[in-house]
Amino acid sequence: MQIGILALQGAFAEHGAILDQLGVDHFEIRNREHLHLPFDGLIIPGGESTVIGKLLTELQMMEPIKQEIEHGLPVFGTCAGLLLLSKKIEGENALGFGTMDILAKRNAYGRQLGSFFTKDEFKGIGKIPMTFIRAPYIVQTSDNVEVLAVSDSKIVAARQDNQLVTAFHPELTSDTRIHNFFVQMIETS
């Protein structure tokens with residue numbers, strides 16, 4: 001198994017470190033040519049979603065990645081990755097792949113000072129650590145989206161077929177269970 005990590009901006013190195021702990025091969029996707037390398041799943045890290053979206057467009061990577069996701073490529077988006085996968089973002093036009101039937105709210109917990117840490121239940125895994133940094137949350141899902149975690153009555157993790165999103169940053173903790181959940185998604189896809 002080989003996982004590609006979108007490495008245009010954001011916490012991509014931290015995702016690589018977690019995959020190293022799990023013994024999963026991975027590489028960084030920095031340009032369109034890297035999309036021609038074989039990979040079984042894709043991680044879209046947290047960071048600045050508008051910056052990542054603009055870079056994806058400028059590097060002509062948005063459409064090829066979107067097509068792969070639509071054809072079943074397993075993808076895991078954290079924080080900014082959640083926003084890039086969202087079909088809709090409250091109060092604005094979504095600049096991203098728009099492949100997941102969710103409505104998200106950007107910077108839902110406030111600016112950088114609104115960052116926080118908590119522990120909450122993740123369906124099928126148990127209580128996990130959750131680090132939120134200028135985090136979004138999911139306002140609404142369609143019927144084909146499975147809610148995986150709720151924190152303070154807000155949806156913070158969900159899955160739709162081959163797509164997994166978290167509003168929090170599991171790569172910023174030592175807990176590998178969310179990444180392992182994604183690896184299992186790839187294995188069963």
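Refer to the preceding data block for the structure.
Keep in mind it's a predicted model, so treat the numbers as computed, not measured.

Attention now moves to the environment of Glu63. Turning to its location among the elements, Glu63 is positioned in helix H3 (residues 62-70). Along the chain, Glu63 and Phe97 lie 34 residues apart, while their C-alpha atoms are 7.7 Å from each other.

Looking now at the nonpolar core. With 57 residues, the main nonpolar core has Leu6, Leu56, Ile65, Phe97, Phe122 and Phe168 as its most contacted residues. Beyond its immediate chain neighbours, meaning those up to four positions away, Ile65 contacts Leu6, Leu35, Leu42, Leu56 and Phe97.

Where empty space is left becomes clear once a probe the size of a water molecule has been rolled over the atoms. In this model, the largest pocket occupies a volume close to 250 Å³. Taken together, 18 residues form the lining of the largest pocket, with Gly47, Glu48, Cys79, Ile133 and Arg134 sitting closest to its centre. Those elements that provide at least two residues to the lining of the largest pocket are helix H2 (49-58) and helix H4 (80-85). Residue composition of the lining of the largest pocket, by class: 6 nonpolar, 9 polar and 3 charged.

Definitions and limits used
- Residues numbered from 1 in each chain as written.
- Predicted model: local features only at pLDDT ≥ 70, side-chain atom pairs only at ≥ 80, totals over all residues.
- Heavy atoms only, no water.
- Helix = DSSP H or I, 4+ residues; strand = E, 2+ residues; numbered from the N terminus.
- Core = buried A, V, L, I, M, F, W, Y, C linked by side-chain atoms within 4.5 Å.
- Buried < 20%, exposed > 50% of the residue type's maximum accessible area, 1.4 Å probe, protein only.
- Contact = heavy atoms within 4.5 Å.
- 1 Å grid on protein atoms, 1.4 Å probe; cavity = no way out; pocket = protein on both sides within 12 Å on 5 of 7 lines; lining within 4 Å.
- Points joined across faces, edges and corners; volume = space filled by probe spheres on them.
- Nonpolar A, V, L, I, M, F, W, Y, C, P; charged D, E, K, R; others polar.

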